[in-house]
Amino acid sequence: MYLMENSESISENPPREIAYRKIQGLVGDYSFSLVLPKSYAVNLGIGKGDFVKVFQENNKIIIEKA
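Throughout, a residue's number is its position along its own chain's written sequence, starting from 1. Predicted model: local features are reported for residues with pLDDT of at least 70 only, side-chain atom pairs are reported and counted for 80 or more only, and whole-chain, interface and lining totals are derived from all residues. Remark: hydrogens and water are excluded; side-chain values derive from all non-hydrogen atoms of the structure.

**With respect to the environment of V54**
- Each helix is a run of DSSP H or I of at least 4 residues and each strand a run of E of at least 2, with the numbering of both proceeding from the N terminus. Tracing the sequence through the fold places V54 in strand β5 (residues 52-57).
- Note on exposure labels: buried denotes an accessible area under 20% of the residue type's maximum, exposed denotes more than 50%, and partly exposed covers the range between, all computed with a 1.4 Å probe on protein chains only. Since its relative accessible area comes to 55%, V54 is described here as exposed.
- As a C-alpha pair, V54 and E64 span 10 residues in sequence and 6.6 Å in three-dimensional space.
- Contacts were defined at the residue level, with two residues in contact if any of their heavy atoms lie within 4.5 Å. Residues within four places of V54 in sequence aside, it is in contact with I61, I62 and I63.

**Here we look at a nonpolar patch on the surface**
- Patch rule: a residue counts if its relative accessible area is over 30% and it has no salt bridge; like charges are joined within 9 Å, and nonpolar side chains (Val, Leu, Ile, Met, Phe, Trp, Tyr) within 5 Å. Methods summary: accessible areas were calculated by the Shrake-Rupley approach with a probe of 1.4 Å, and residue burial reflects only the protein chains presented. Salt-bridge detection follows one rule: a side-chain nitrogen of Lys or Arg within 4 Å of a carboxyl oxygen of Asp or Glu. A surface patch of nonpolar side chains, amounting to about 860 Å² of accessible area, comprises I23, L26, F32, L34, L36, V52, V54, I61 and I63.
- When you line up the elements, I61 lands in strand β6 (residues 60-65).
- Residue I61 is classed as exposed on the basis of its relative accessible area, which comes to 65%.

**Focus: the pattern of salt bridges**
- Tallying each qualifying case throughout the model produces 1 salt bridge.
- The salt bridge involving E64 is made with K53; its shortest N-O contact spans 3.3 Å. Taken together, the residues span a long stretch of sequence, with E64 in strand β6 and K53 in strand β5 at a distance of 11 residues.

**Overview of the pairing of β5**
- In this description, strands pair whenever DSSP reports at least two bridges between them. The pairing of β5 with β6 spans 6 bridges and is antiparallel. Directly across from Q56, in β6, lies its bridge partner I61.
- If you look at the hairpin formed by β5 and β6, you'll find 2 residues sitting between the two strands, and N58 has a positive phi there, around 55°.

Take a look at the structure:
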């Protein structure tokens, strides 16, 4: 499911696309699985077998190309 974020004030940034994803399940004893929208991965140049950096910043999980 994809939603466009509503912007109540005029901004230089266009509304961003938001994708809601369900956590797939437990993988091993220490991980959960999440599937990224393919368009996000393609836009970042991330493909099968690539590594990403994952970290928490306040109440957000940040995923960056490694």
